[in-house]
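Geometric and topological summary
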Amino acid sequence: EELEAEAKVTANSLSREWVQNGSLGPRASALLATCIQTVRKGGDPVPALKGLGSLVDALSGSAGALALGLALRALRLEGRPDDAIRLFQDLNRGVVRDADLYAELLLSYDASERFSEVKETFDEMRSLEIQPTLSCYKTALRANAHIVSEVRAVSLLADMKKNDIQPDRDCYFAAMKSCNPRIHYGVVLNIFKEMNNSVVKPDQACYREALHAAMSGWQWEAGIKLYDDVRTKGWLLDEEATWFYLRACAKSGDPDLVAKQFKQIEANPNIPISDVHYDVLINVFARDRNWPKVLGIAARMGARGISPHEITSNSVLTACIELGKYEVALNLLRTMLRDGAKLDTVAYTTVMQALSQNGEYDSILELYEEISPLLEEAVKSPMEGFALIAPVIAALSYLGQEDEAMRLYRDSTERGWVRMWKRRRVGTGPVLLDARNIPPQLVKIGLRAMLQDVAQEAEDSMTDKDGPPDYVHQLRRHLAGLNPRPQDILVVVAEGELELQAGRLTPSNPTSASGLVLAVAREALGADAKLELSLQPTPCIRIPSSELQALLVQRVQSAFAEFTGASGDGGSAL
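Conventions adopted
Residues numbered from 1 in each chain as written. Predicted model: local features only at pLDDT ≥ 70, side-chain atom pairs only at ≥ 80, totals over all residues. Heavy atoms only, no water. Helix = DSSP H or I, 4+ residues; strand = E, 2+ residues; numbered from the N terminus. Areas by Shrake-Rupley, 256 points an atom, 1.4 Å probe, with all protein chains shown as cover. Expected span 1.5 Å × (residues − 1). Buried < 20%, exposed > 50% of the residue type's maximum accessible area, 1.4 Å probe, protein only. Contact = heavy atoms within 4.5 Å. Pairing = 2+ DSSP bridges. Salt bridge = Lys/Arg side-chain N within 4 Å of Asp/Glu carboxyl O. Core = buried A, V, L, I, M, F, W, Y, C linked by side-chain atoms within 4.5 Å. pLDDT = per-residue confidence, 0-100. Phe/Tyr/Trp six-rings, centres within 6.5 Å; stacked < 30°, edge-to-face > 60°. Lys NZ or Arg CZ within 6 Å of the ring centre and 35° of its normal. Polar contact = N/O pair within 3.5 Å; in protein donor to acceptor, adjacent residues only side chain to side chain. Axes fitted to C-alpha atoms, helices over the stretch in contact; angles between N-to-C directions. Left-handed = near helix turned anticlockwise from the far one by under 90°. Nonpolar A, V, L, I, M, F, W, Y, C, P; charged D, E, K, R; others polar. Parallel < 35°, antiparallel > 145°, perpendicular 65-115°, else oblique.

Within the protein chain, the regular secondary structure consists of 29 helices and nine strands. For the protein chain, the accessible surface area stands at approximately 28,600 Å², while carbon and sulfur atoms represent 49% of it.

Set out below in structure tokens:
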């Protein structure tokens, strides 16, 4: 009540009671305190402030802009920036606006995260030829950091210097944050350089942004200098800034340089090191195919009790395999699974394919049984699914488990993981399988499934949805060639796998993809099936539609024979 009574005195001029040496005088302080108390009473503060006598009186005098600004400040400090904006919209008419009032309005928009309106209000202020204060520039730059406009950031800094306003550290930091470091890394480094050459010196947060820019722009020499400056000052950067620095070093293309810098970091117990830092070092040596180094770094990582990042895990598993340590890779993968390490399908596929190349089919099936519950969530694309499941289907076939291989093939096809066959999107034409980069046993299973599907069409074509199968009618149609003919099947194979011997296609290696294709086709169509070889543009086995038509006829005849044999009157039916 005493503050209210004191603040009710009408302010006709900016006397010492309102402003003293650039700070709030007694009357201004009293009005601010009264406004804060009014807001804290609860309810809607805007009507309460609009009815506050001391504020109303002050608005009518020469201190009106200051009084309205104090009311906005009271609302903002009490966490009501939207109400501050509403109050301004209600009471600003008739008030001569100044830079301090705009500063409070800008801060309210910023606190409400209405960054585009900060920009619009700042531009409005300039259009009215009101010179912004340091606070105005700072708020404009901070909002611009959310809009991410490097052009505006540079322009605002230049405007401050033009008007003899020294940017502070917050201004420079906001300007750096306004730039996308991946694209405008040069702008970030220039702003940092300008700040470093001014009376304002960068802090750790500013160095962090500069390191990020150096890493993104392949400015590894600048990155090393920045990090050396940090160490000279005795500062410790956070985990992410250290990661930025190591990545900048990695872009030098010199594994020894990265290793040297990493050892200095590793030797300092006060610098936090995690899996992402080791990941940088491991990948540097993995790109250099220095697999012993990769395993050595992984051992240092384990000695610190750091679990591997998924990319690190893949590199370490690859290192084991490249060094011929298949069993080590398999056991390491199982340990990672047991320890709950975050793995992706690359880890599983890397080990699966290595075991397949080494002929360890039992180990493939054991591993698949362990990871199969995880695959539904782990597999993100058909390509990942195929790379993972192809060695498993091939292993089942190699071990003579043909039925299991076919079941897994069918299941994987339904999931969209196995899509080996290609067809024309429009019109009719042959179906095509490129067998050159697919395990031969998977080619065998895929062709067998395709031939089964072709034969199934015959059965389906004999079924009338509205009545019993008319086998006689369908047989006559097939024999007459009136039913739709199946299309050719083409299988692209590697060069040198086939030769003609006495007019008959013969594989150079019966276990190759070509050998297995011929074996499956002749098993299904007969030993004398007319299979063709095309050499242009690439070697290709062609199973003509005429041979497939014969397969359909055989299927119809077989079904017809079973039907007439069961009915007992088939002799007169034909």
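With 13 residues, helix H13 (residues 204-216) should cover 18 Å at 1.5 Å per step; its first-to-last C-alpha distance of 18 Å lies within 8% of that length. Among the 13 residues that make up H13, eleven are buried, leaving the element largely enclosed by the rest of the structure. Listing the buried residues of H13 in full gives Cys 206, Tyr 207, Arg 208, Glu 209, Ala 210, Leu 211, His 212, Ala 213, Ala 214, Met 215 and Ser 216. Phi for Trp 218, located one or two positions after H13, is positive at around 60°.

Okay, helix H14 (residues 220-232) next. The terminal C-alpha atoms of H14, which comprises 13 residues, lie 18 Å apart, in line with the 18 Å expected from a rise of 1.5 Å per residue. Close packing links the buried residues of H14 with helix H12 (185-196), H13, helix H15 (239-250) and helix H16 (255-266).

Moving on, we get to the sheet that holds strand S5 (residues 489-492). Strand order in the open sheet formed by five strands is S3-S4-S5-S9-S8, and the pairing between neighbours is mixed. Of all strands in the sheet, those bounded by a partner on one side alone are strand S3 (421-422) and strand S8 (532-534). With two bridges connecting them, S3 and strand S4 (residues 431-434) associate as antiparallel partners. Paired with Trp 421 across the two strands is Leu 433, which belongs to S4.

Further remarks concern the pattern of salt bridges. Applying the stated criterion to the full structure yields 38 salt bridges. Of the charged contacts, one joins Asp 82 and Arg 114 as a salt bridge, the two residues approaching to 3.5 Å between their closest N and O atoms. With Asp 82 in helix H6 (residues 81-91) and Arg 114 in the loop between helix H7 (99-111) and helix H8 (115-127), this pair connects stretches of sequence that are 32 residues apart. Take Asp 82: its relative accessible area is 44%, and that puts it in the partly exposed class. Relative accessible area serves as the criterion here: at 26%, Arg 114 is assigned to the partly exposed category. The salt bridge involving Arg 415 is made with Asp 411; its shortest N-O contact spans 3.4 Å. One end of the pair, Arg 415, and the other, Asp 411, are both in helix H24 (residues 402-415), four residues apart, so they sit about a helical turn from each other. Linked through salt bridges whose partners overlap, the residues forming this network are Lys 177, Arg 208, Glu 209, Asp 238 and Glu 240.

Before going further, it helps to spend a moment on the pairing of strand S7 (residues 504-507). Note that strand S6 (residues 498-501) and S7 share four bridges and pair antiparallel. For Leu 500, the partnering residue across the bridge sits in S7 and is Leu 505.

The next point concerns the environment of Ser 546. As for its position among the elements, Ser 546 is in helix H28 (residues 545-567). With relative accessibility at 40%, the residue Ser 546 sits in the partly exposed group. As for Ser 546 and Gln 487, which are separated by 59 residues in sequence, their C-alpha atoms are 8.8 Å apart.

This next bit is on the nonpolar core. Grouped together as the largest cluster of nonpolar side chains are 101 residues, with contacts concentrated most on Leu 55, Leu 87 and Leu 141. Ranked by residue count, the leading element in this core is helix H5 (residues 64-77), at nine residues. Contact partners of Leu 141, with chain neighbours within four places excluded, come to Ala 153, Leu 156, Leu 157, Met 160, Cys 171, Ala 174, Ala 175 and Ser 178.

The next subject is the confidence of the model for the protein chain. Per-residue confidence for the protein chain gives a mean pLDDT of 84; residues scoring 70 or more make up 86%. Of the regions scoring below 50 in pLDDT, residues 1-15 engages in 29 contacts with residues more than four places distant in sequence or in other chains. Ignoring residues within four places in sequence, the model shows residues 567-574, a span with pLDDT below 50, making five contacts including any to other chains.

Here the focus is the packing of aromatic side chains. In total, this model carries seven aromatic pairs according to the counting rule given. Ring pairs connect the aromatic residues Phe 192, Tyr 207 and Trp 235, which therefore count as one cluster. In this structure, Lys 233 is placed above the aromatic ring of Trp 235, and the distance from its NZ or CZ to the ring centre is 5.6 Å.

As a further point, take unusual backbone geometry. Residue Gln 536 is joined to Pro 537 through a cis peptide bond whose omega torsion reads 0°. For Pro 537, the position within the fold is in the loop between S8 and strand S9 (540-543). A positive phi is found at Val 148, a non-glycine position, where the angle reads about 60°. Looking at the secondary structure, you find Val 148 in the loop between helix H9 (134-147) and helix H10 (150-162).

Note that Val 276 resides in helix H17 (residues 275-287). It is 9.7 Å that separates the C-alpha atoms of Val 276 and Glu 310, two residues lying 34 residues apart in sequence. Ignoring sequence-local partners within four residues, the contact set of Val 276 consists of Glu 239, Trp 243 and His 309.

Let us now look at the environment of Asn 92. Looking at the element boundaries, Asn 92 is found in the loop between H6 and H7. Sequence spacing of Asn 92 and Leu 59 is 33 residues, and the spatial spacing of their C-alpha atoms is 8.9 Å. Not counting chain neighbours up to four residues away, the residues in contact with Asn 92 comprise Leu 68 and Arg 97. Here Phe 88 takes part through its backbone oxygen, which lies 2.7 Å from a polar atom of the side chain of Asn 92.

What follows is about the packing of H12 against H13. Axis separation between H12 and H13 bottoms out at 8 Å; the angle between their running directions is 145°. The hand of the H12/H13 crossing is left-handed. Contacts between H12 and H13 involve Tyr 185, Val 188, Leu 189, Phe 192 and Met 195 on the former and, on the latter, Cys 206, Tyr 207, Glu 209, Ala 210, Ala 213, Ala 214 and Ser 216. Its residues assigned to classes, the contact of H12 with H13 comprises ten nonpolar, one polar and one charged.

The interhelical angle for the contact between helix H19 (residues 310-322) and helix H20 (residues 326-338), taken along N-to-C directions, is 155°, at an axis separation of 7 Å. By the angle between their axes, H19 is roughly antiparallel relative to H20. Crossing of H19 against H20: the hand is right-handed. Between H19, through Ser 313, Val 316, Leu 317, Cys 320 and Ile 321, and H20, the contact on the second element is made entirely by Tyr 326, Val 328, Ala 329, Leu 332, Leu 333 and Met 336. In terms of residue class, the contact of H19 with H20 is made up of ten nonpolar, one polar and no charged.

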